[in-house]
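If you want the building blocks of each chain, they are given just below.
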Amino acid sequence: GDFVNVDGRDIRIEGERNLLELIRKAHIELPTFCYHSDLSVYGACRLCIVDIDGMGVVTSCSTQPKAGMVIRTNTAQLRQMRRIYLELLLANHHQGCATCVKSDRCKLQELAVRMGVTEVRFQTKLEAKPLDTSNPSLVRDPNKCILCGDCVRACEEIQGVGAIDFAYRGAATTVAPAFGKTLSEVACVYCGLCASVCPTGAITPRPQIDRVWQALSDERKTVVVQIAPAVRVALGEMFGLEAGVVTTGKMVAALKMLGFDKVFDTSFAADLTVLEETTEFLGRKTRGERLPQFTSCCPAWVKYAEQFCPELLPHLSSCRSPQQMFGSLAKATLPETLGIEREDLFVVSIMPCTAKKFEAQRPEFQAGGHPDVDAVLTTQEFGKMIKQAGIQFNQLTPESLDLPLGFKTGAGVIFGVTGGVSEAVLRFAYEKLTGVKLDSADFAEVRGPQGVRIRQIKLGDVELKLAIVHGLRNARAVAEDVRAGKADYDFVEVMACPGGCIAGAGQPVSFEQDTTQRRTQGLYDADKTLQLHASQENPYLAQCYSSTLDGIGGRRAHELLHTGYSS
Ligand code: HC0
Ligand code: SF4
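This text gives an overview of the structure that appears in the document. (Residues numbered from 1 in each chain as written. Chains lettered and ligands numbered in written order. Predicted model: local features only at pLDDT ≥ 70, side-chain atom pairs only at ≥ 80, totals over all residues. Heavy atoms only, no water.)

Turning our attention to the site of ligand 2. Neighbouring ligand 2 are Leu138, Cys155, Val161, Ala163, Ile164, Cys188, Val189, Tyr190, Cys191, Gly192 and Cys194. When the residues that make up the shell around ligand 2 are grouped by side-chain class, the tally is ten nonpolar, one polar and no charged. (Near = heavy atom within 4 Å. Nonpolar A, V, L, I, M, F, W, Y, C, P; charged D, E, K, R; others polar.)

To continue, consider the side chain of Gln208. In this fold, Gln208 is placed in the loop between strand S9 (203–205) and helix H6 (209–216). Gln208 gets classed as buried once you look at its relative accessible area, which sits at 10%. With near-sequence residues (within four places) excluded, Gln208 lies in contact with Lys357, Gln361, Ala375, Val376, Leu377 and Glu381. (Helix = DSSP H or I, 4+ residues; strand = E, 2+ residues; numbered from the N terminus. Buried < 20%, exposed > 50% of the residue type's maximum accessible area, 1.4 Å probe, protein only. Contact = heavy atoms within 4.5 Å.)

We now examine the site of ligand 1. Not every one of the 16 residues close to ligand 1 is listed here, only the nearest: Ala230, Cys297, Gln323, Lys356 and Cys501. Contacts to ligand 1 include Ala230, whose backbone N or O atom sits 2.8 Å from an oxygen atom. At 2.8 Å from an oxygen atom of ligand 1 is found a main-chain nitrogen or oxygen belonging to Gln323. Contributing elements (two or more residues each) for the shell around ligand 1: helix H8 (266–287) and helix H10 (322–338). For the shell around ligand 1, the per-class residue count stands at eleven nonpolar, four polar and one charged. (Polar contact = N/O pair within 3.5 Å; in protein donor to acceptor, adjacent residues only side chain to side chain.)

Our next topic: the pattern of salt bridges. Scanning the model with the defined rule gives 43 salt bridges in all. With its nearest N and O atoms 2.6 Å apart, the salt bridge here joins Arg121 to Glu87. Residue Arg121 is found in the loop between helix H3 (107–114) and strand S6 (138–140), and its partner Glu87 is found in helix H2 (residues 76–91); the two are separated by 34 residues along the sequence. We classify Glu87 as buried; its relative accessible area is 3%. Notably, a salt bridge pairs Asp374 with Lys331, separated by 2.8 Å at the nearest N-O pair. (Salt bridge = Lys/Arg side-chain N within 4 Å of Asp/Glu carboxyl O.)

Grouped together as the largest cluster of nonpolar side chains are 133 residues, with contacts concentrated most on Phe260, Trp301, Ile386 and Leu549. For this core, the element with the most residues is H8, which contributes eight residues. Of the domains in this structure, domain 2 (87–205) and domain 3 (210–561) are the two that each give at least three residues to this core. When neighbours within four sequence positions are excluded, Phe260 is seen to be in contact with Val212, Leu216, Val223, Val224, Val225, Leu255 and Val348. Counting 20 residues, the second-largest nonpolar core is a separate cluster that includes Cys34, Leu89, Ala112 and Val120. (Core = buried A, V, L, I, M, F, W, Y, C linked by side-chain atoms within 4.5 Å. Domains from an automatic or database assignment.)

Let us look at the environment of Glu537. Assignment of secondary structure puts Glu537 in the loop between helix H16 (515–529) and helix H17 (539–549). By relative accessible area, Glu537 is classed as partly exposed at 25%. Those residues in contact with Glu537, other than ones at most four positions away along the chain, are Lys437 and Leu532. A polar side-chain atom of Glu537 sits 2.6 Å from a polar atom in the side chain of Lys437.

Attention now goes to the sheet that holds strand S11 (residues 262–265). What holds strands together in a sheet is hydrogen bonding between their backbones, with the strands either parallel or antiparallel. Spatial ordering of the open sheet is given by S11-S10-S13-S16, a layout of four strands whose pairing is parallel. Each end of this open sheet is capped by a strand with a single partner; those strands are S11 and strand S16 (375–378). On average, each strand axis in the sheet is tilted by 25° relative to the strand beside it, whichever way the strands run. With six bridges joining them, strand S10 (residues 222–227) and strand S13 (residues 345–351) adopt parallel strand pairing. Counterpart to Gln226 in the pairing with S13 is Ser349. Against the sheet, helix H7 (residues 248–258) engages S10, S11 and S13, with an angle of about 145° to S11. (Pairing = 2+ DSSP bridges. Axes fitted to C-alpha atoms, helices over the stretch in contact; angles between N-to-C directions.)

Pairing is mixed across the open sheet formed by four strands, whose spatial order is S12-S19-S18-S17. Edge strands, defined here as strands with exactly one partner in the open sheet, are strand S12 (293–294) and strand S17 (452–459). Across five bridges, strand S18 (residues 462–470) lies against strand S19 (residues 491–495) in parallel orientation. For Val469, the partnering residue across the bridge sits in S19 and is Val494.

Spelled out as structure tokens, the structure:
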């Protein structure tokens with residue numbers, strides 16, 4: 001085979017696109033701001049430089065491996081050059097680190113520490129630019145931008161949105177929403193991918209912690225909370241646990257200590273979504289009407305469809321997302337059960353997602369001028385509240401979720417990973433179409449990391465064609481095929497974030513390579529350890545349908561659980 005030599009060891013070339021990836025196989029993680037394996041190579045930060053015999057110093061991200069290369073990654077010259085690059089970045093960066101929301105997980109800080117930068121010799125006087133707080137999901141602080149371009153490329157290349165771009169030239173160069181607008185005036189869909197890839201605090205999720213503290217200390221309010229599926233496999237990372245470790249019970253204990261009156265699970269509402277969405281789907285399939293049915297639980301996707309493919313809106317499922325089904329159901333039923341007034345009930349969500357903050361504010365999801373979900377915290381914000389309160393998370397004894405809205409099956413848990421909604425729907429559709437009880441609950445063929453997965457699945461006599469997509473640029477391609485009559489799918493699942501909700505922009509910031517994979521495995525394991533795996537087996541749903549919803553697809557179910565989107 002072909003080898004290169006990295007710091008004295010031979011490493012086999014196995015189709016790596018660049019030296020940076022290949023050098024990882026020698027267990028060396030080169031410093032970089034602007035390299036992401038799923039984005040185009042930009043080579044702007046220059047930190048990933050290596051020294052190659054006969055070539056000199058080059059950026060490893062933009063150099064292809066060639067057999068026989070002799071590479072050094074850690075010479076005195078390289079260390080010195082990297083320190084200078086970092087000092088230059090720091091000189092143009094607003095240095096209010098102690099008060100920055102990104103302080104504990106900032107790549108710029110991490111690398112400055114790692115490279116031993118202890119002073120900045122090139123001080124420039126920086127004029128503070130105003131923050132952009134116009135967007136419901138994100139805050140942009142141009143003073144902290146280091147021009148790596150990660151957000152620009154993520155928004156364009158993965159989401160196909162292009163809401164932010166480079167502006168001006170030379171020393172005045174900046175990254176900003178297109179045409180000098182604010183982040184609420186461009187076509188932003190609130191996915192937060194820009195914030196996920198931002199190495200500093202230049203784009204961050206917009207916090208709502210203060211509103212939640214306020215509600216918690218208001219004696220008139222009864223504060224209840226729902227926890228999204230993906231949160232349970234990621235929150236632990238903020239307390240030193242490995243990605244994928246499920247911490248549901250400890251989260252319940254922490255929330256009770258923070259003063260929440262009831263702790264429920266969005267996965268209960270996801271089970272409800274499965275029954276409603278599958279019923280809607282099989283109805284359309286029988287009538288041959290408005291196929292394929294697109295999922296509508298990802299609010300960034302819904303916004304994207306409204307802006308970029310409005311002709312597709314009749315194809316979206318009319319189901320509200322689980323977050324919103326939970327909100328309307330909670331506001332409709334809990335006041336009576338808890339013996340309180342509707343205005344005194346405050347519903348909080350904990351979500352892995354920034355777009356959920358936007359979704360909760362949509363006019364469709366208000367009743368009598370009050371939103372069904374009053375505040376949306378990200379996983380990161382939840383972790384910060386625990387830290388602010390001084391709660392020793394790892395020491396907590398697990399507690400149980402409250403009933404009935406805290407009971408779920410595994411189908412409602414796997415929603416948090418790409419393919420999960422499809423698999424949950426198949427677990428119900430199988431029984432509906434065959435009349436046979438499901439024995440093995442897995443439809444593993446819909447799982448996987450590929451951005452577009454087309455699967456043909458036979459349930460009894462019915463052949464179903466599914467497309468499972470993540471990344472909105474991929475969704476656009478599928479939507480174009482559908483419009484052009486080139487695709488005969490029955491069902492299309494779309495999640496904006498690559499990997500699904502587990503990789504959402506509200507999740508803890510991770511510098512590890514395998515985080516998405518570990519969180520994914522964590523959710524599939526959580527499904528396995530639950531008692532029930534198919535939504536139709538959730539006994540509290542049956543109760544809810546008879547007491548409140550007038551049966552699956554019933555009148556009240558329609559009022560509370562469905563909606564319509566228009567452009
Ligand atoms: Fe998701 Fe959801 S699974 S969008 O990915 O459908 O955010 O975790 O809460 O609503 O359940 C996010 C995660 C949710 C919703 C659910 C869906
Ligand atoms: Fe682009 Fe998503 Fe960021 Fe909006 S939130 S600017 S759509 S990456």
